[in-house]
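# Residue-level structure breakdown
In case you want the letters, here they are:
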Amino acid sequence: AAPPEHAELFNAAMGERSRLIGKAFADSYDFRGARQIVDVGGGDGSFLSAILCAHPEPTGVIYDQPYLTDAARKKVAAAGLGERCTFVGGDFLQEVPSGSDVYMLRGVLHNWPDDQAAPRGAVMYPSHSGERLEEMSLDLMARPGLERE
């Protein structure tokens, strides 16, 4: 196992990268009409926090492994989003929280074979490019009820 300071450095780097990508994504995607956004595999919440800071209307749910609860709650509180964003622990291979109108996955699906990667409980649509996405973009973006473009 890696020393704890390596894990801390790795998590800090991933969080900063997610924050920067989240800010760029928030500036380029139209979230009008979104009521609740779920970031599946959302880690410490850096990506979703950046989006919620740029878009004051929706609420958010960070959905990831339970051991990330404390880190995500700290990140959300530091961003001033404690009233608008929650953390839910779970396994996206089993289910995702229901009832949201936007589901995002970023940097998650490359770890899983195609037959295991589709989260249950959400209808998933490919991003606007329709092709396998680069690491810097979302794996999938879903707005249940919308037709596939």
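First things first, this report covers the structure right here in the doc.

### Overview of the overall build of the protein
Helix and strand counts for the protein come out as four helices and five strands. Put simply, the protein runs from its N terminus to its C terminus through helices and strands in the order α-β-α-β-α-β-β-α-β. Of the contacts made within the protein by residues no fewer than 6 positions apart, 66% connect residues no fewer than 24 positions apart. With an accessible surface of roughly 8800 Å², the protein has 54% of that area assigned to carbon and sulfur atoms.

### Observations concerning the pattern of salt bridges
What the rule picks out here adds up to four salt bridges. A salt bridge links R35 to D101; its shortest N-O distance comes to 3.6 Å. Separated by 66 residues along the polypeptide, R35 in the loop between helix 1 (4–28) and strand 1 (36–40) and D101 in the loop between strand 3 (85–89) and strand 4 (102–105) bring together distant segments of the chain. On the basis of relative accessible area, D101 is assigned to the buried category, the value being 11%.

### A word on the state of the cysteines
Here a disulfide denotes one covalent bond, and it connects the sulfur atoms of two cysteines. The tally for this structure, following the rule as stated, stands at zero disulfides. C85 forms no disulfide, and the closest cysteine sulfur to it belongs to C53, at a distance of 9.6 Å.

### Describing the nonpolar core
Judged by nonpolar contacts, the single largest core of 19 residues is most densely connected at F31, I37, L48, I51, I62, C85 and M104. Of all elements in the fold, only helix 1, helix 2 (46–54), helix 3 (69–78), strand 3 and strand 4 reach the threshold of two or more residues within this core. Here this core takes four residues from helix 2, the largest share from any one element. If we ignore the near neighbours within four places in the chain, the residues touching I51 are G22, F25, A26, F31, I37 and M104. In terms of nonpolar packing, the next biggest core, distinct from the first, is built from nine residues, V40, V61, Y103 and L105 among them.

Thresholds applied
- Along each chain, residues carry numbers from 1 onward, in the same order as the chain's sequence is written.
- The predicted nature of this model means local features are confined to residues of pLDDT at least 70 and side-chain atom pairs, given and counted, to a pLDDT of 80 or more, with totals for whole chains, interfaces and linings taken over all residues.
- Computation of side-chain values: all heavy atoms of the structure, hydrogens and water removed.
- Secondary structure is summarised from DSSP: a helix means a run of H or I of at least four residues, a strand means a run of E of at least two, and numbering begins at the N terminus for each.
- Contacts: residue pairs with any heavy atoms within 4.5 Å of one another.
- For the area figures, the Shrake-Rupley method with a 1.4 Å probe applies, and any residue is considered shielded solely by the protein chains shown.
- Salt bridges are counted wherever a side-chain nitrogen of Lys or Arg sits within 4 Å of a carboxyl oxygen of Asp or Glu.
- Accessible area is worked out with a 1.4 Å probe on protein chains only. A residue is then buried under 20% of its type maximum, exposed over 50%, and partly exposed in between.
- Whenever a pair of cysteine sulfur atoms sits within 2.5 Å, that pair is classed as a disulfide.
- The nonpolar core is taken to be a set of buried Ala, Val, Leu, Ile, Met, Phe, Trp, Tyr and Cys residues, with the residues joined through side-chain atoms within 4.5 Å.

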